Amino acid sequence: MARHVYPINRSWLYNSPPVAGAMQPEFDDSGWEPVTIPHTNRRLPWHSFDEREYQFVSNYRRHFRLPPNLQGQRVFVDFAGVMTAATVFINGTRLGAYQGGYTPFSFELTPHLHWQGDNVLLVEVDSTERADIPPFGGQIDYLTFGGIYREVALRIVAPTYIENVFAKPVDVLGDDRRVEVRCLLDSRDAAAAPQRLVAELRDGDQVLAAAEADVQVAGNVFEQVLTLGDLGNIKLWDLDHPHLYQVQVRLEQAGQVVDDYAVRIGFRDARFTPDGFFLNGQHLKLRGLNRHQTFPFVGQAMPARVQRRDALILKHDLKLNLVRTSHYPQSPAFLDCCDEIGLLVFEEIPGWQHIGDQAWQDIAVCNVEEMIRRDWNHPSIILWGVRINESRDNHAFYARTNAVAHALDDSRQTGGVRNFFESELLEDVFTINDFAYPTIAKPNHPLHFNTEFIGHTFPTKHIDNVERVQEHAFRHAHIHQQLAADKRYAGGVGWCAFDYNTHGDFGSGDRICYHGVSDIFRIPKPAAGFYRSQCDPADEIVLEPAFHWAIGDRSGGGGPGTGMICSNCDELKVYIGDELVAELQPDRARFGSLPHPPFFCDQLRGVWGARWHDLRLDGFLGGRHVIQKRMSAAGVDRQLHVAADDAVLLGDGIDMTRVVLRVTDEYGAARPFATGAMQLLLEGPGEIVGESPFALTGGVGAVWVKTREAAGQIRLHATHPVLGTQLVEIAVQAAPDEVC
Ligand code: GAL
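Novice: I tried to follow the state of the cysteines on my own but got confused; where do I start?
Specialist: Disulfide: a covalent bond formed between the sulfur atoms of two cysteine residues. The tally for this structure, following the rule as stated, stands at zero disulfides. Distance from the sulfur of C496, which forms no disulfide, to the nearest cysteine sulfur (C513) is 7.8 Å. Of all cysteine sulfurs in the structure, the one in C535 sits closest to C569, which takes part in no disulfide; the separation is 10 Å. The exposure class assigned to C569 is buried, which follows from its relative accessible area of 4%.

Listed below in structure tokens is the structure:
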């Protein structure tokens, strides 16, 4: 009998503050609140709240019944992420506690279970900022929120089972390419019968290679490496064609499958060298942004679909080739999507500037191990971050984190983000935050990778005036130009992709760092247009003015001044009204190392009075007119756009999608000073996660729609006080009940 994994994300009961005896099976929980996982312990406004509001201890109870036919198997409960510490009880017995909000943990339930009746899990969740647990102990520039915010499952396996599999592609570009499959077994059977371990490399239904070995498990843990060789031609995993294979491992006994374990892998060779970064032997300048995994209203408690959406935004809207998971291991769903779409990842352990005492450091070393053991099969991950972000040097501590990473995974290099150049290098790659502007430092180490720039040096909002939003885009372009001009830089990861909630001692005074090239709702600011414009026109033709069209928003007035236009066209024509005012070439003199240098239009300076008309930008490639953008001179809010990211959701009471609200001119161009209290009315099997009325800021905003446990049709009516009502419909499909 193979393994069974049963999600238990529905039918939880929630209560705070904790009550005595809540772990006892007979405890009366009828008054507790029914919730689903992912769950935030406190829904919050999207800004201007006090972070102490979610720092408390809460309780979660979950009743379950086991499929009686599985009696005799071992049962584990797997938590993907609980913020920040969890103490777990089953049927009144304390199983243990886990410290850390970003890494998974499990407890074995087997000896305490009732196979015929009700079982009760009780999880006591401590969401305070405990100084004994990374990243806490000092200050941190982000919020962690609270609750069981990632998925939970019951895993039912044989007495001897496959605990983990690392299927490591080796010599990917050579003739002896192979997969070394490290199988980790766990047994409670001291004298287990002889068994057979089989590994297969599969491409869909096709088995490409297989290997097997007889194993005799003695003791608790056992390890066997199986090599899948003779592969012939394989499809590489790369950014445009991220081909994924499956490795399936089976444990057999007397011809019966006792356990199975499947992982996805990709064949790619990723390496930082003195000449920059190479993917599959090809030089690739890394162009990335940092991502925090937090969201408005629910903190980190977003389901898989919403986590995946972020990866899609980074790859398809911002055209990045890399994301850094600042500053912790992020959602498995996000990483899965990065594998599927071809987005490279630099993943790092939790921490921010502060290093705690020995016990704290021990947890951080464990975090390295837990991160790697969770994520070692992701082809998208190319670098392990094994330093506390921007911490001081600590030889003994970082010798340990590097040793653990190298011992677990000799196929990936390590990095560790520092913010001073004299720092002792124990990692393979010198990953450094260099916020200097206008000129970043020259590489001081052969493997140099700039992991943060701009950020707090230039916070920018949609509602800032035109000089600032344009300057924000310019600064990102300016740093990427320097990184592109010198092959010793592997590339750069700007700070950051999305605005994020932060502590009161950081940010703009409303618990937000406005450091994103997109806002906290993931809606692009002009700087996003720079990133977007760096893709190949075969992917998408991009034309993004870095300004809004306003006659007097600039100091001194007269249009936006010299207008920066981000585009991958090779020529632009600029019209004011019917008058052709400029024919532009990309600014190769200043930005010639970028794939697509921005354009600058001096003729937009001093546009006043009778010359003030609509702006029209025509983009050309090889002499062919390929794209046009218009911006209205009328200065009137004309259109309301309301759009859901997804048209179909699952009626499991968990699934969610974002609904974006935007006010534009008659051509669809942003109206960054548009306001209006949006009235949102939802009919059907769902709820609004967000505010209603919702006050637009910068002409934009968003809420999320979450399903209830039912099928049907959600109808969201969004009414703007001037621009009327738009209707968004979302189909909700029936979700099968959870088994346990
Ligand atoms: C860095 C830090 C980031 C963020 C950023 C703001 O020093 O690593 O987490 O705070 O500054 O620019």
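Novice: I tried to follow helix α3 (residues 358-375) on my own but got confused; where do I start?
Specialist: End to end, α3 covers 26 Å across 18 residues, agreeing with the expected 26 Å (1.5 Å per residue, within 8%). Three or more residues of α3 are buried, namely W360, Q361, I363, A364, V365, N367, V368, M371, I372, R373, R374 and D375.

Novice: Please explain the site of the ligand as it appears in this structure.
Specialist: Close to the ligand lie 13 residues, the nearest being D141, H327, W352, E390 and H456. Measuring from an oxygen atom of the ligand, one finds a side-chain N or O atom of H327 at 2.6 Å. Between the ligand and the protein, one listed contact pairs an oxygen atom with a side-chain N or O atom of W352 at 2.7 Å. Across the complex, the protein chains shield 94% of the 310 Å² of accessible surface that the ligand would expose by itself.

Novice: Whenever I open this one, helix α4 (residues 395-408) confuses me. Can you help?
Specialist: Along an α-helix, a turn takes 3.6 residues, which lines up residues three or four apart on a common side. For α4, which comprises 14 residues, the first-to-last C-alpha distance of 20 Å matches the rise-based estimate of 20 Å (1.5 Å per residue) to within 8%. Listed in full, the buried residues belonging to α4 are F397, Y398, T401, N402, V404, A405 and L408. Buried residues of α4, viewed axially, fall in a sector of 155 degrees; they line one side. Turned more than 90 degrees away from the buried face of α4 sit A396 and A407, all of them exposed. Each element contacted by the buried residues of α4 is listed here: β13 (160-170), β14 (178-187), α3 and β27 (413-415).

Novice: Looking at this model, I keep getting lost on the packing of aromatic side chains. Mind explaining?
Specialist: What describes a pair of aromatic rings is the distance from one ring centre to the other and the angle between the planes of the rings. What the rule picks out here adds up to 31 aromatic pairs. Relative to F105, the ring of Y98 lies with its centre 4.4 Å away and its plane at 15 degrees, an arrangement referred to as stacked. On the basis of relative accessible area, Y98 is assigned to the buried category, the value being 11%. Measuring from centroid to centroid gives 6.1 Å for F295 and W704, while their planes differ by 85 degrees, and the two rings are edge-to-face. On the criterion of sequence distance, the pair formed by F295 in the loop between β23 (286-290) and α1 (304-317) and W704 in strand β46 (residues 700-707) is long-range, its members being 409 residues apart. By relative accessible area, W704 is classed as buried at 1%. Members of the aromatic cluster, joined through ring pairs, are W46, F295, F297, F521, F694 and W704.

Novice: I keep staring at empty space enclosed by the protein and nothing clicks. Help me out?
Specialist: Unoccupied space between atoms shows up once a probe the size of one water molecule is rolled over them. Per the stated rule, a full pass over the model turns up one cavity of 30 Å³ or more. In this structure, the largest cavity encloses a volume near 70 Å³. Elements that contribute at least two residues to the lining of the largest cavity include exactly α1 and β42 (656-664). Among the elements that make up the lining of the largest cavity, the one with the highest residue count is α1 (five residues). A breakdown of the residues in the lining of the largest cavity according to their chemical character gives five nonpolar, one polar and seven charged.

Novice: Could you clarify how one ought to interpret the sheet that holds strand β41 (residues 648-651) in this entry?
Specialist: Hydrogen bonds between backbone atoms are what pair the strands of a sheet, whose relative direction is either parallel or antiparallel. What the five strands build is an open sheet, ordered β41-β48-β47-β43-β45; its pairing is mixed. Sheet topology places β41 and β45 (694-695) at the edges, where each strand pairs with a single neighbour. Inspection of the sheet shows β41 paired to strand β48 (residues 724-734) by four bridges, in the parallel sense. Paired with G651 across the two strands is A734, which belongs to β48.

Novice: Sorry if this is basic, but what is going on with the layout of surface pockets here?
Specialist: The calculated volume of the largest pocket comes to roughly 1,700 Å³. D78, P104, Y261, R373 and R374 are, among the 47 residues lining the largest pocket, the residues nearest its centre. Residue classes in the lining of the largest pocket are distributed as 23 nonpolar, eight polar and 16 charged. Lining the second largest pocket we find 39 residues, and of these I523, P524, E544, R662 and A670 sit closest to its centre. Put simply, the parts of the chain that give the lining of the second largest pocket at least two residues each are α1, α6 (526-532), β33 (543-545), β39 (624-631), β40 (639-644) and β42. In terms of residue count, the dominant contributor to the lining of the second largest pocket is β42 (five residues). Class assignment for the residues of the lining of the second largest pocket results in 19 nonpolar, 10 polar and 10 charged.

Novice: Honestly, the sheet that holds β39 in this entry has me stumped. Any pointers?
Specialist: The four strands are arranged β36-β35-β38-β39 in an open sheet whose pairing can be described as antiparallel. For this open sheet the edge positions go to β36 (579-584) and β39, each flanked by a neighbour on one side alone. Averaged over all pairs of adjacent strands, the angle between their axes in this sheet comes to 20 degrees, without regard to strand direction. In terms of strand pairing, strand β35 (residues 571-576) meets strand β38 (residues 615-621) through six bridges, oriented antiparallel. Within β38, the position partnered with I576 by the bridge is L615.

Novice: Any chance you could explain the pattern of salt bridges here in plain terms?
Specialist: Proximity of charged atoms lets side chains of opposite charge pair with each other. Scanning all chains against the criterion turns up 61 salt bridges. The salt bridge partner of D317 is R532, with a shortest N-O separation of 3.9 Å. Of this pair, D317 sits in helix α1 while R532 sits in helix α6; the two residues are 215 residues apart in sequence, bridging distant segments of the chain. Using a relative accessible area of 37% as the deciding quantity, one classes D317 as partly exposed.

Novice: Help me out: how do you make sense of the environment of G416 in this one?
Specialist: Note that G416 resides in the loop between β27 and β28 (430-433). Taking relative accessible area as the criterion, G416 reaches 0% and is therefore assigned buried. Those residues within four positions of G416 in sequence are excluded, and the remaining contacts are V386, R387, E427, V429 and T431.

Novice: Looking at this structure, I do not really get the side chain of S380. What am I missing?
Specialist: Within the fold, S380 resides in the loop between α3 and β26 (381-385). Classification of S380 as buried rests on a relative accessible area of 0%. Ignoring any residue separated from it by four or fewer positions in sequence, one finds S380 in contact with W237, L335, C338, D339, L343, L344 and V345.

Criteria and cut-off values
- Residues numbered from 1 in each chain as written.
- Predicted model: local features only at pLDDT ≥ 70, side-chain atom pairs only at ≥ 80, totals over all residues.
- Heavy atoms only, no water.
- Disulfide = S-S within 2.5 Å.
- Buried < 20%, exposed > 50% of the residue type's maximum accessible area, 1.4 Å probe, protein only.
- Helix = DSSP H or I, 4+ residues; strand = E, 2+ residues; numbered from the N terminus.
- Expected span 1.5 Å × (residues − 1).
- Near = heavy atom within 4 Å.
- Polar contact = N/O pair within 3.5 Å; in protein donor to acceptor, adjacent residues only side chain to side chain.
- Areas by Shrake-Rupley, 256 points an atom, 1.4 Å probe, with all protein chains shown as cover.
- Arc of directions from axis to C-beta.
- Contact = heavy atoms within 4.5 Å.
- Phe/Tyr/Trp six-rings, centres within 6.5 Å; stacked < 30°, edge-to-face > 60°.
- 1 Å grid on protein atoms, 1.4 Å probe; cavity = no way out; pocket = protein on both sides within 12 Å on 5 of 7 lines; lining within 4 Å.
- Points joined across faces, edges and corners; volume = space filled by probe spheres on them.
- Nonpolar A, V, L, I, M, F, W, Y, C, P; charged D, E, K, R; others polar.
- Pairing = 2+ DSSP bridges.
- Axes fitted to C-alpha atoms, helices over the stretch in contact; angles between N-to-C directions.
- Salt bridge = Lys/Arg side-chain N within 4 Å of Asp/Glu carboxyl O.

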